[in-house]
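# Commentary on secondary and tertiary structure
Below are the chains, spelled out letter by letter.
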Amino acid sequence: MQRADTVVVLDFETTGLSPNYGDRVIEIGAVRVEQGQIVDCFQQLMNPGFRINSFIEQYTGITNHMLQNAPSCAEVMAQFADFLGNDNLVAHNASFDRRFLDAELSLIKRPYAGAFVCSMLVARRVYQKAPNHKLGSLVAYKDIPTDGVFHRALADSEMTAKLWLKMLDDIALQYDISPVSFQLMQQLSRKSKDTVHRFLNDKAK
DNA sequence: TGCCAGGCCCTCTTTAGGGCCTT
């Protein structure tokens with residue numbers, strides 16, 4: 001089977017939900033997927049410049065002590081911009097990670113050229129019978145092996161990458177489409193649930 | 001210090017409301 005396009009799968013741990021209200025990134029995890037394999041990774045804690053609250057410490061396992069001597073967001077995000085290059089991006093609930101990526105890269109004046117596809121929007125269409133579309137639930141639903149770590153950036157980016165590859169394989173097998181391109185996944189993520197089957201059947205022709 | 005968002009998608013819809021998902 002031919003394998004699809006190169007993508008960088010990204011996950012952020014942050015101080016909260018909104019960069020517009022002062023929230024910052026505290027950890028980035030990313031893996032590069034080429035030819036259906038994870039070939040490279042990027043992981044770094046970063047110091048947001050203020051103390052994180054106890055909810056975030058408990059949710060992520062990242063403590064203020066761990067961030068005390070971490071490099072700044074600006075330093076880490078500049079390194080990540082170099083890692084990312086012009087590759088396209090995948091994230092689970094990408095609207096969230098995109099807001100933070102845009103905010104952090106804007107602060108250091110480092111634009112990026114890649115497009116985002118949301119693995120959650122694709123999963124809602126491809127796995128309509130899943131109990132829900134949280135990352136952890138989908139990983140369990142598809143029997144994707146994990147090391148048991150959740151809510152850390154690299155572990156979550158690896159799980160998202162494996163889910164992405166599983167969706168590519170499932171679409172390729174079910175609809176005899178090879179390879180399933182990034183562009184097709186982008187189109188799929190915008191289809192209404194009712195038209196997904198027809199859309200993929202048409203692509204198979 | 002503590003507060004907070006926003007895009008997608010369904011339905012008891014479209015002149016709206018609320019759940020899902022991310023931290």
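To be clear, the structure that these remarks concern was listed above.
Report on the accompanying structure. What you are looking at is a predicted structure, and each value in this text was computed from that prediction instead of being measured.

The next point concerns unusual backbone geometry. Residue Pro179 is bonded to the preceding Ser178 through a cis peptide linkage, with omega at -5°. Of note in the backbone geometry, Lys109 takes a positive phi value of approximately 55° without being a glycine. As for its placement among the helices and strands, Lys109 is situated in the loop between α4 (94-107) and β5 (116-118).

If you look at the biggest cluster of nonpolar residues, it comprises 33 residues, and the most contacted ones within it are Trp164, Met167, Ile171, Val180, Met185, Leu188 and Leu200. Of all the secondary-structure elements, those providing two or more residues to this core are β1 (7-14), β2 (25-34), α5 (119-126), α6 (135-141), α7 (153-175), α8 (182-188) and α9 (196-204). Among the elements that take part in this core, α7 stands out by supplying 10 residues, more than any other. Counting residues in hydrophobic clusters, the runner-up holds 25 residues, among them Ile28, Cys73, Phe80 and Cys118.

Here we take up the pairing of strand β4 (residues 88-91). Sheet topology places β1 next to β4; 3 bridges connect them, and they run parallel. Residue pairing for β4: Val7 is matched across the bridge by Asn88. Bridge count between β4 and β5: 3 bridges; the pairing is parallel. The partner of Val90 across the bridge, within β5, is Val117.

What follows deals with the packing of helix α3 (residues 73-84) against α4. Viewed as axis vectors pointing N to C, α3 and α4 meet at an angle of 105°, and their least axial separation amounts to 9 Å. Between α3 and α4, the angle falls in the class roughly perpendicular. Packed against α3, whose contacting residues are Cys73, Met77, Phe80 and Ala81, the element α4 presents Leu101, Glu104 and Leu105 at the interface. Considering only residue class, the contact of α3 with α4 consists of 6 nonpolar, no polar and 1 charged.

About the thresholds
Residues numbered from 1 in each chain as written. Chains lettered and ligands numbered in written order. Predicted model: local features only at pLDDT ≥ 70, side-chain atom pairs only at ≥ 80, totals over all residues. Heavy atoms only, no water. Helix = DSSP H or I, 4+ residues; strand = E, 2+ residues; numbered from the N terminus. Core = buried A, V, L, I, M, F, W, Y, C linked by side-chain atoms within 4.5 Å. Buried < 20%, exposed > 50% of the residue type's maximum accessible area, 1.4 Å probe, protein only. Pairing = 2+ DSSP bridges. Axes fitted to C-alpha atoms, helices over the stretch in contact; angles between N-to-C directions. Parallel < 35°, antiparallel > 145°, perpendicular 65-115°, else oblique. Contact = heavy atoms within 4.5 Å. Nonpolar A, V, L, I, M, F, W, Y, C, P; charged D, E, K, R; others polar.

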